[in-house]
Amino acid sequence: MNAPRHDAPLDLLATCPQGLELLLAEEIAELGGEPGKTTVGGVNLSADLVAAYRLCLWSRLANRVVLCLAREEGIETPEQLRAAVTGIDWARHLTPGSTLAVDFHGRSDAIRHTRFGAQTVKDGVVDRLQAAGLPRPSVELKQPDLRLYAHLHRGRLTLGIDLSGQSLHRRGYRRDVGHAPLKENLAAALLVRAGWPALARQGAPLVDPLCGAGTLLIEAAMMAADMAPNLMRERFGFHGWMGHDEAAWRELKREAEARAGIGRRRCRSHFYGFDQSPAALAAAKANAMRAGIPALITLEGAGLGELARPAGLPGLPGLVVTNPPYGERLGELPELVTLYARLGERVKAAFPGWQLAVFTANPDLGHRIGLRAHKQYALRNGPLEAKLLLMAVPEEGERAGESQEAPRRSDGAQMLANRLEKNRRRLKKWLKKSGETCYRLYDADMPEYALAIDVYGDRVHVQEYAAPKSVDAAQAQKRLFEALAVIPEVLEVDPARVVVKRRERQSGRAQYQKQAATGERFEVCEGPARLWVNLRDYLDTGLFLDHRPVRRMLREMAAGKRFLNLFCYTATATVQAALGGASESVSVDLSNTYLEWARDNFALNRLDPGRHRVVRDDCLRWLQTAGAQFDLIFMDPPTFSNSKKMADTLDVQRDHGRLVRLAMARLAPGGTLVFSNNQRRFKLDADLAEHYAVEEISAKTFDPDFNRNPDLHHVFVIRHREEAA
């Protein structure tokens, strides 16, 4: 037979994103199918041919609709898989000369790669066709005439024809998807969970205050206008199947087109989307145009701070639904903590009595909204576990009955705010006198808020110390969010200018490894020096604030001196020495990145590159081979390094004696070596004091912003001993 009877039941499988199975089963029943057992990411069902077509055309939730030709147990080896495929009469499904593609999912001990599984299925099809004297089909991966679906899990094989073709979530209206696209069928599922279909029947309005490319708005408008989500698709997988009934399909499509025309005219709901990004709004407008519903959606450029109830809306309560950023990178959190709080504030002010639906992969951020979620649904957005939070926005009368003086901060957050204010007052006189604009304001003063907070002009750099395993991770996350809400308020800084990182125990040169690639650097001043810093791209910023007094001391000592900077990093110490009058300098480091940064610092301060050189080399090797002598040497090695560029590892406690002796061999008579390190439990090699004049000056090298941690670094002044006369 070439076509099944319309009323003959077909064995089908509808796949969907994980978490939508029960919703999909309900939708299948509404579209005329009989849902059966659900699987992870799918629903088995029985339906006739017309209902199968209807599911392809009208399903808002499914990814694929598969006509199952075989469900077999005990398939483990390639030979068993090939035999199962060969057992199907492919001549009844595949037109001679047509093209074929196989989507293979799953594995077994003997079939470990999906490509191998797909090749085995294809070989089985070819075997059966050639045995019947028919030509072998050619493989076409992108646009085949017929696409096969094969899934192998724990020996159970499901094999069939993909009636949908490409995934049904690809409606065809979206080409510009923006930075973080929400798949169309997931957007539809969020709307269903938020109760939008019932609201749409009442003509209720819908607002997305962070609309991006407009996916939620378009899916909601298509529901309200009774538009089949896949009406625009020109070709489905069943078009290349020999069992296809074109007349039945055309009748279904004509019906859908008529319903869409009527639905657009009769739609009573209003749809409003807002976004600050011109590119996102342009994409949303283009998508709405392709979807055929541009007249139903109003799009405006506006930020959350400007969110207000659109003029002319009917009094009927509606739905505010949005998919805000999640903060997948730690550095994004300061802005997002404020964004979620502002979302809650503006929605409560502008949309009393409405429903709010927020989809986020970071439910802790959702708590910043300030409304209790009466329902939560766990879903996945691609690889991310996410939640849909449903919240009722209080009526104005209800809000009036609440305490207007309800504290916005927890007790702990208020204590943190108080401590920040106290520290600002303590440092105020010193900052005014010194003129410093980069300083540490807070360093885990309260153990509950284990953060280092550094100010860089009008920006703030926050480092979260990794919590020990004994601390509950959820509680630590909550406190971090509290801190990130407090910091911009107390310091009166834009949250976009607050950068947060997690500081953990580093090995090797991990502190120098890239965290991001924004290239976002800016200029700061330290005394007479102008320096480039970058708060986002690396764990450190290019400027070690605790060494400020050491750099100041080097500047005061450098007049007329030949200066050597070992392990120079971005050469900020060299800049200070040069500005202090150093006659020449050499700065040595292994990192090309930081040596380029050093050159930029030199250029910013108009230092002569002929007199102030940078050298890329292992400092240990350079000291062993260098012949020059220097009057002033600064050496600040890392605590530990196992850089691939080095011949061996470096441990400052183990190796500092050798480093100091090599440096002293390069120190001219009457010269000074300033040796520094950040090993908290550092002990100087006693043998060095026997050979050289050694003075520890650590206590003198802390400005008021760092005097809480006297073991943060250790600094020694080392000179040659004068021989007895």
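Above this text is the structure in question.
Residues numbered from 1 in each chain as written. Predicted model: local features only at pLDDT ≥ 70, side-chain atom pairs only at ≥ 80, totals over all residues. Heavy atoms only, no water.

Peer 1: Would you mind showing me how to read the overall build of the protein here?
Peer 2: Helix and strand content of the protein: 20 helices and 30 strands. In terms of overall dimensions, the protein is more spread out than a globule: its C-alpha atoms have a radius of gyration of 34 Å, far above the 27 Å expected for 725 residues. Principal-axis analysis of the C-alpha atoms gives the protein an extent of 115 × 75 × 45 Å. Looking at the protein as a whole, 55% of its 725 residues qualify as buried. Taking all contacts inside the protein whose residues are at least 6 apart in sequence as the whole, residues at least 24 apart take part in 73%. Within the structure as shown, the protein displays about 33100 Å² of accessible surface, and the carbon and sulfur contribution to it stands at 48%. Counting 99 positive and 89 negative side-chain charges, the protein places the centres of these two groups 2 Å from one another. (Helix = DSSP H or I, 4+ residues; strand = E, 2+ residues; numbered from the N terminus. Rg over C-alpha atoms; globule rule 2.2 N^0.38 Å. Buried < 20%, exposed > 50% of the residue type's maximum accessible area, 1.4 Å probe, protein only. Contact = heavy atoms within 4.5 Å. Areas by Shrake-Rupley, 256 points an atom, 1.4 Å probe, with all protein chains shown as cover. Lys, Arg positive; Asp, Glu negative; His and termini not counted. Charge placed at Lys NZ, Arg CZ, Asp CG, Glu CD.)

Peer 1: Got a minute to help me understand the side chain of Asn605 in this structure?
Peer 2: Here Asn605 lies in the loop between helix 17 (592–604) and strand 24 (612–616). For Asn605, a relative accessible area of 11% puts it in the buried group. Within polar-contact distance, the side chain of Asn605 engages the backbone oxygen of Asn601 at 2.8 Å. Apart from the residues lying within four places of it in its own chain, the contact partners of Asn605 are Pro528, Ala529, Arg530, Val575 and Leu579. (Polar contact = N/O pair within 3.5 Å; in protein donor to acceptor, adjacent residues only side chain to side chain.)

Peer 1: Could you clarify how one ought to interpret the state of the cysteines in this entry?
Peer 2: Scanning all chains against the criterion turns up zero disulfides. In this structure Cys211 is not part of a disulfide, and its nearest cysteine sulfur, from Cys267, lies 17 Å away. On the basis of relative accessible area, Cys211 is assigned to the buried category, the value being 6%. Of the cysteine sulfurs around Cys525, a residue in no disulfide, the closest is that of Cys438, at 8.2 Å. A relative accessible area of 38% places Cys525 in the partly exposed class. (Disulfide = S-S within 2.5 Å.)

Peer 1: How do you make sense of helix 4 (residues 114–131) when you look at a structure like this?
Peer 2: The α-helix advances 3.6 residues per turn, and as a result positions three or four apart in sequence lie on the same side. Taking 1.5 Å per residue, 18 residues should reach 26 Å; helix 4 reaches 26 Å between its end C-alpha atoms and fits that length. Against the buried residues of helix 4 lie helix 3 (78–86), strand 5 (99–106), strand 6 (138–139), strand 7 (146–153) and strand 8 (156–162). In the segment just after helix 4, Gly133 is the residue with positive phi, at about 75°. (Expected span 1.5 Å × (residues − 1).)

Peer 1: Explain empty space enclosed by the protein here, please?
Peer 2: Empty pockets left among the atoms are what a rolling probe the size of a water molecule brings to light. Applying the stated criterion across every chain, the model contains three cavities of 30 Å³ or more. Computed from the structure, the largest cavity encloses a volume of approximately 70 Å³. Taken together, Asn423, Arg426, Arg440, Leu441, Tyr442, Asp443, Asp445, Asp705, Phe706, Asn707, Arg708 and Asn709 make up the full set of residues lining the largest cavity. Contributions of two or more residues to the lining of the largest cavity are made by helix 13 (411–434) and strand 16 (438–443). By residue number, the principal contributor to the lining of the largest cavity is strand 16, which donates four residues. Here the lining of the largest cavity is built from residues that sort into three nonpolar, three polar and six charged. (1 Å grid on protein atoms, 1.4 Å probe; cavity = no way out; pocket = protein on both sides within 12 Å on 5 of 7 lines; lining within 4 Å. Points joined across faces, edges and corners; volume = space filled by probe spheres on them. Nonpolar A, V, L, I, M, F, W, Y, C, P; charged D, E, K, R; others polar.)

Peer 1: Even after reading the chapter, I still don't get the environment of Met227, so can you show me in this structure?
Peer 2: Within the secondary structure layout, Met227 lies in the loop between helix 7 (215–224) and helix 8 (246–266). Accessibility expressed as a relative area gives 5% for Met227, which makes it buried. Once the C-alpha coordinates of Met227 and Ala291 are considered, the two residues, 64 residues apart in sequence, prove to be 9.6 Å apart. The residues contacting Met227, other than those within four sequence positions of it, are Trp58, Arg60, Met222, Ala260, Arg264, Ala291 and Ile293.

Peer 1: Got a minute to help me understand helix 2 (residues 49–58) in this structure?
Peer 2: When you tally the buried positions in helix 2, you get nine out of 10 residues, the bulk of the element. Of all the residues in helix 2, the buried ones are Leu49, Val50, Ala51, Ala52, Tyr53, Leu55, Cys56, Leu57 and Trp58. Summarising the contacts, the buried residues of helix 2 are in contact with strand 1 (10–15), helix 1 (21–30), strand 3 (42–47), strand 4 (64–72) and helix 8.

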